[in-house]
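For reference, the chains in residue letters:
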Amino acid sequence: MVDHLANTEINSQRIAAVESCFGTSGQPLAVPGRVLLGEGILTKECRKKAKPRIFFLFNDILVYGSIVISKRKYSSQHIIPLDEVTLETLPDTLQMKNRWMIKTAKKSFVVSAASLTERKEWISHLEECIRILLSKTGQPPPTEHAAPWIPDKATDICMRCTQTKFSALTRRHHCRKCGFVVCGECSRQRFLMPRLSPKPLRVCNLCYKQLMAEKEEAEEQSKRVPSPLSGYEPSSGDDSDRSDEDRLEWSPEAEFYTSDVAWSSFHS
């Protein structure tokens, strides 16, 4: 069907209509071989609260934006290449049902559909487009994904120190590595993560320690001279020097969205 529609007049008209709705704030979407397969309104779980967003599925990209006037004007256009996308079905919550996560290396976020059938259709079409696209390019599925930001409403206290209470004067911040909601004291550090931004980004203290350790290990490996005794690698002794505090820290690798346990349980 995609090949059949690629060079048709109706496909060109549909894409032109989407471009027109985004106006000058959006990027051109018409390229050779691109086909608009479908559109719909999904609820996106944002930092402050869940909001409706218009989504357009093409055979190679996913486009979404804010709704100003339905079918007439959209803003804040976002374009996601489908070969960078991984999908993950999520359990329902009291507030949101029919949820799934759209994960990429630069940004991951949660959306929900109006019905279970609609969610199945979206996921089915997305997965098929991704499969076809990867088979054409020969590239493997992506393995690195940005952490989704946990909504502000998920907690009234810092998710790292569990002491600082947020208020009008005490702001919430998000760690760009784990996505946790943290206070200023627990997120004073910045770290350069090139796949997310060319500038150093705010990270929580725990993630900063982990990232610095990984960086130092990588630098050490690049400097390491091969030992003349093949297969022999001296012990660093790091395990025995590790403090009790380090042993008790919660691992940032644990999943928040895929767990049925409240986040506070991670600290117990």
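Residues numbered from 1 in each chain as written. Predicted model: local features only at pLDDT ≥ 70, side-chain atom pairs only at ≥ 80, totals over all residues. Heavy atoms only, no water.

## Describing the packing of aromatic side chains
Applying the stated criterion to the full structure yields 7 aromatic pairs. Considering the side-chain rings of phenylalanine 55 and tyrosine 64, the 5.0 Å spacing of their centres and the 20° angle between planes classify their relative orientation as stacked. A residue is classified by how much of its surface remains accessible, and phenylalanine 55, at 0% relative accessible area, is buried. Residue classification places tyrosine 64 among the buried residues on the basis of a relative accessible area of 2%. Taken together, the ring pairs connect Phe55, Tyr64, Phe109 and Trp122 into an aromatic cluster. The side chain of lysine 44 reaches across the aromatic face of phenylalanine 109, ending 5.1 Å from its centre. (Phe/Tyr/Trp six-rings, centres within 6.5 Å; stacked < 30°, edge-to-face > 60°. Buried < 20%, exposed > 50% of the residue type's maximum accessible area, 1.4 Å probe, protein only. Lys NZ or Arg CZ within 6 Å of the ring centre and 35° of its normal.)

## Looking at the nonpolar core
Side chains that are nonpolar tend, in soluble globular proteins, to be buried together. Counting residues in hydrophobic clusters, the biggest one holds 21 residues, and the most contacted among them are Phe55, Leu62, Leu82, Trp100, Ile102, Trp122 and Leu126. Elements with a contribution of two residues or more to this core: β2 (50-58), β3 (61-69), β6 (99-103), β7 (108-112) and α3 (116-137). Looking at this core element by element, the count peaks at 7 residues for α3. (Core = buried A, V, L, I, M, F, W, Y, C linked by side-chain atoms within 4.5 Å. Helix = DSSP H or I, 4+ residues; strand = E, 2+ residues; numbered from the N terminus.)

## Focus: helix α2 (residues 9-22)
In this model α2 runs 20 Å from its N-terminal to its C-terminal C-alpha over 14 residues, within 8% of the 20 Å that 1.5 Å per residue would give. When we look at burial in α2, the residues that qualify are Asn11, Ile15, Val18, Cys21 and Phe22. Buried residues of α2, seen end-on, are gathered within an arc of 120° and therefore sit on one face of the element. Exposed positions of α2 whose direction lies more than 90 degrees from the buried face are Glu9 and Ser20. Where α2 ends, the next residue or the one after it, glycine 23, has phi of about 65°, a positive value. (Expected span 1.5 Å × (residues − 1). Arc of directions from axis to C-beta.)

## Observations regarding unusual backbone geometry
Positive phi is not limited to glycine here, since lysine 71 has a value of about 70°. For lysine 71, the position within the fold is in the loop between β3 and β4 (73-81). The exposure class assigned to lysine 71 is exposed, which follows from its relative accessible area of 58%.

## A few points about the sheet that holds β3
Spatial strand order, β4-β3-β2-β1-β7-β6-β5: 7 strands in an open sheet with antiparallel pairing. Of all strands in the sheet, those bounded by a partner on one side alone are β4 and β5 (86-89). Across this sheet, the average inter-strand angle for adjacent strands is 35°, counted without regard to direction. The pairing of strand β1 (residues 36-45) with β2 spans 9 bridges and is antiparallel. Residue pairing in the sheet places glutamate 45 in a bridge with alanine 50 of β2. (Pairing = 2+ DSSP bridges. Axes fitted to C-alpha atoms, helices over the stretch in contact; angles between N-to-C directions.)

## Considerations on the confidence of the model for the protein
The pLDDT averaged across the protein works out to 85; a share of 83% of its residues lies at or above 70. Note on residues 229-253: pLDDT is under 50 here. Beyond four places in sequence and across chains, it has 18 contacts. Every residue in residues 261-268 scores below 50 in pLDDT, and together they form 14 contacts with partners more than four places removed in sequence or on other chains. (pLDDT = per-residue confidence, 0-100. Contact = heavy atoms within 4.5 Å.)

## Describing α3
Taking 1.5 Å per residue as the helical rise, α3 with its 22 residues ought to reach 32 Å, and the 32 Å between its terminal C-alpha atoms agrees with that figure. For α3, every residue scored as buried is listed here: Arg119, Trp122, Ile123, Leu126, Cys129, Ile130, Leu133 and Leu134. Down the axis of α3, the buried set is contained in an arc of 135°. They therefore lie on one face. The exposed residues of α3 that point more than 90 degrees off its buried face are Thr117, Lys120, Ser135 and Lys136. Next to the buried residues of α3 lie β1, β2, β3, β5 and β6. Downstream of α3 by one or two residues, glycine 138 has phi in the positive range, about 80°.

## Notes on the state of the cysteines
Under the criterion given, the structure shown has 0 disulfides. Cysteine 175 forms no disulfide, and the closest cysteine sulfur to it belongs to cysteine 178, at a distance of 3.6 Å. You can call cysteine 175 buried: its relative accessible area is 0%. Looking at the unpaired cysteine 204, the closest cysteine sulfur is the one in cysteine 207, lying at 3.6 Å. (Disulfide = S-S within 2.5 Å.)

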